[in-house]
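Structural description and commentary
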Amino acid sequence: MSDSLWHDERAIEGLPIRLVIALVVGVACLSVMMSTISGIETLQVTEVDVEPHPEVANPGTQDVVVTVVDSKGSPVSGATVVAKSGTATLSSVKTGETGSAGNATLSLSPSLGPNQQDGTVTFEVKPPAGSNYEDARSNTDLLVVESP
């Protein structure tokens, strides 16, 4: 019986080479698609957040170190931090630029209203120009608490 298959004239001789070509083309297309997908990550925008130190403050003048970090917790240098009144009041908007460690030191003087036990100072971040960072979501606030 194996002799009959060996001499069968109806076999398609080009099938194995076509199969090899199809596999090579398929693998090449797959590698192009994978490199495109991996390159998309570099086009994504990364959200930034702030980490104020201290996180809780009393009313009155004090220095607050604000660290700007990306979604992985890495510091972001060259960003501008803007501190504004939230439910606690600031006399004016304060700004500072982060250094190589991602830190900006702001001298803040938050105050609370009458019968107000606590409040917040809010932060906005202006990412460095030409970077893939954005500040679209709300950031961590500085909690201002009246001492008992």
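As a starting point, this report considers the structure included with it.

Rules of the game
Residues numbered from 1 in each chain as written. Predicted model: local features only at pLDDT ≥ 70, side-chain atom pairs only at ≥ 80, totals over all residues. Heavy atoms only, no water. Helix = DSSP H or I, 4+ residues; strand = E, 2+ residues; numbered from the N terminus. Buried < 20%, exposed > 50% of the residue type's maximum accessible area, 1.4 Å probe, protein only. Contact = heavy atoms within 4.5 Å. Areas by Shrake-Rupley, 256 points an atom, 1.4 Å probe, with all protein chains shown as cover. Pairing = 2+ DSSP bridges. Patch = residues over 30% accessible without salt bridge, like charges linked within 9 Å, V, L, I, M, F, W, Y side chains within 5 Å. Salt bridge = Lys/Arg side-chain N within 4 Å of Asp/Glu carboxyl O. Core = buried A, V, L, I, M, F, W, Y, C linked by side-chain atoms within 4.5 Å.

The next point concerns the overall build of the protein. Each helix and strand in the protein was counted, giving 2 helices and 10 strands. Listing each helix as α and each strand as β along the protein from the N terminus yields α-α-β-β-β-β-β-β-β-β-β-β. In the protein, which comprises 148 residues, the share counted as buried stands at 24%. A separation of at least 24 residues holds for 59% of the contacts in the protein among residues at least 6 apart in sequence. In the structure as shown, the protein presents an accessible area of about 9,900 Å², 58% of it carried by carbon and sulfur atoms.

Right, let's get into the sheet that holds strand 8 (residues 118–126). Read from one edge of the open sheet, 5 strands run 3-10-8-5-6, paired in mixed fashion. Of all strands in the sheet, those with a lone pairing partner are strand 3 (56–57) and strand 6 (94–97), marking the two edges. Relative to strand 6, strand 5 (residues 80–85) is paired through 4 bridges, and the arrangement is antiparallel. From the neighbouring strand, Val82 faces strand 6, where its bridge partner is Thr95.

Turning our eyes to something else, we now look at a nonpolar patch on the surface. Residues Ile17, Val20, Ile21, Val24 and Val25 make up a contiguous nonpolar surface patch of roughly 450 Å² in combined accessible area. Note on placement: Val25 falls in helix 2 (residues 15–40). Classification of Val25 as partly exposed rests on a relative accessible area of 47%.

The next thing to look at is the pairing of strand 10 (residues 142–145). Alternating residues of strand 10 divide into Leu142 and Val144, all buried, and Leu143 and Val145, none buried. Relative to strand 10, strand 3 runs parallel, the two sharing 2 bridges. Pairing of Ala57 across the sheet is with Val144, part of strand 10. Relative to strand 10, strand 8 is paired through 4 bridges, and the arrangement is antiparallel. Pairing of Asp118 across the sheet is with Val145, part of strand 10.

Soluble globular proteins tend to pack their nonpolar side chains together in the buried interior. Counting residues in each nonpolar core, the largest one holds 21 residues, and the members touching the most others are Val68, Leu108, Val121 and Phe123. Sorting the residues of this core by element identifies strand 4 (62–69), strand 5, strand 7 (103–108), strand 8 and strand 10 as the ones contributing at least two each.

Keep in mind these values describe shape, not function.
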